[in-house]
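# Notes for the structure review
Listed here are the chains, written in short residue letters.
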Amino acid sequence: QVQLVESGGGLVQPGGSLRLSCAASGTIFSINEMGWYRQAPGKQRELVARITSSGIANYADSVKDRSTISRDNAKNTVYLQMSSLKPEDTAVYYCNAVIAVVSGRYSQYWGPGTQVTVSS
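Each chain has its residues counted from 1, following the order in which its sequence is written. Local features in a predicted model are, by the rule used here, given only for residues with pLDDT of at least 70; side-chain atom pairs are given and counted only at 80 or more, and totals for whole chains, interfaces and linings are based on all residues. Working from all heavy atoms in the structure, the side-chain values ignore hydrogens and water.

Every helix listed is a DSSP run of H or I at least four residues long, and every strand listed is a run of E at least two residues long, numbered separately from the N terminus. Along the backbone of the protein chain there are 0 helices and 11 strands. Scanning the protein chain from its N terminus toward the C terminus, one meets helices and strands in the order β-β-β-β-β-β-β-β-β-β-β. Only C-alpha atoms enter the radius of gyration, while the globule expectation follows 2.2 Å times N to the 0.38, with N the number of residues. Against the 2.2 N^0.38 benchmark of 14 Å for 120 residues, the protein chain shows a C-alpha radius of gyration of 14 Å, consistent with a compact globule. Considered along the principal axes of its C-alpha atoms, the protein chain spans approximately 45 × 25 × 25 Å. Buried residues in the protein chain amount to 38% of all 120 residues. By definition, residues are in contact when any of their heavy atoms lie within 4.5 Å. Taking the contacts inside the protein chain whose residues are at least 6 apart along the sequence as the reference set, 54% of them involve residues at least 24 apart. Only the protein chains shown count as cover for residues, and all accessible areas are computed by the Shrake-Rupley method using a 1.4 Å probe. On the protein chain, roughly 6400 Å² of surface is accessible, and the fraction owed to carbon and sulfur atoms is 45%. Separation of charge centres in the protein chain, based on 11 positive and 8 negative side chains, amounts to 4 Å. Buried means the residue's accessible area, taken with a 1.4 Å probe over protein chains only, is under 20% of the maximum for its type, while exposed means over 50%, and partly exposed covers the values in between. Counted as positive: Lys and Arg. Counted as negative: Asp and Glu. His and the chain ends are not counted at all. All charge positions are set by atom: Lys at NZ, Arg at CZ, Asp at CG, Glu at CD.

Encoded structure:
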């Protein structure tokens, strides 16, 4: 069994910053891509940022100038640092990872989500 557990969400004032963390645990052979998605009320889930196992990252246009995604492969953990937060960043943030529990057989996994609310 593989689990993804997010942490770091909460209430943040406009202009503030936060750091989300997501740790993968369980029977893991290797992890390919890891990333963050978000879903605001009434909207579809969208990509925020993702990072390959070698550290190549890409971002949604809406966050790329104020976000940094990183990962610690030794800890099977991915991080998302966001700054200059706006009310429109309010959403449930989901961790995503492509994980192989046996060599060569990758599947996509999701965390349960963490709420981020940007409000004064």
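Strands in a sheet are paired, the pairing made by backbone hydrogen bonds, and the direction either parallel or antiparallel. Paired strands, in this sense, are two strands between which DSSP finds at least two bridges. Spatial strand order, β1-β3-β8-β7: 4 strands in an open sheet with antiparallel pairing. Of all the strands in the sheet, just β1 (2-7) and β7 (67-72) have a single pairing partner and so form its edges. Between one strand and the next, the sheet's axes are offset by a mean angle of 15 degrees, whatever the strand orientation. Two elements, β1 and strand β3 (residues 18-26), share 6 bridges in a ladder whose sense is antiparallel. The convention used is that axes are lines fitted to C-alpha atoms, helices contributing only their stretch in contact, and that angles between N-to-C directions extend from 0 to 180 degrees.

This brings us to the pattern of salt bridges. A pairing counts as a salt bridge when a side-chain nitrogen of Lys or Arg comes within 4 Å of a carboxyl oxygen of Asp or Glu. Summed over all chains, the structure comprises 4 salt bridges. Among the salt bridges present, the one from D89 reaches R66, with a minimum N-O distance of 2.8 Å. With D89 in the loop between β8 (77-82) and β9 (91-102) and R66 in the loop between β6 (57-59) and β7, the pair connects residues that are 23 residues apart, well separated along the chain. A single burial state applies to D89 and to R66, both of which are buried. Bridged by salt links that share partners, the residues R38, E46, R66 and D89 form one connected network.

This part covers the environment of E6. With respect to the helices and strands, E6 occurs in strand β1. Since its relative accessible area comes to 10%, E6 is described here as buried. Here the alpha-carbon distance between E6 and G113, two residues 107 residues apart in the chain, equals 6.5 Å. Each polar contact in these results corresponds to two N or O atoms within 3.5 Å; when the atoms are within protein, one needs to be able to donate a hydrogen and the other to accept it, and residues that are neighboring in sequence are counted only if both atoms are side-chain atoms. A distance of 2.8 Å separates a polar atom in the side chain of E6 from the backbone nitrogen of C95. Of the polar contacts made by the side chain of E6, one reaches the backbone nitrogen of G113; its length is 2.9 Å.

The subject of this paragraph is the state of the cysteines. Disulfide: a pair of cysteine sulfur atoms within 2.5 Å of each other. With the rule as written, the count across this model stands at 1 disulfide. Each disulfide pairs two cysteine sulfurs, and for C22 the partner residue is C95, the sulfurs being separated by 2.0 Å. The sign of the -80 degrees torsion about the S-S bond sets the C22-C95 disulfide as left-handed. Linking C22 in strand β3 with C95 in strand β9, this pair joins segments that are 73 residues apart in sequence. Taking the relative accessible area as the measure of exposure, C22 reaches 0% and is therefore buried. Residue class for C95 comes out buried when judged on its relative accessible area of 0%.

Read these as layout, nothing more, since geometry by itself doesn't imply function.
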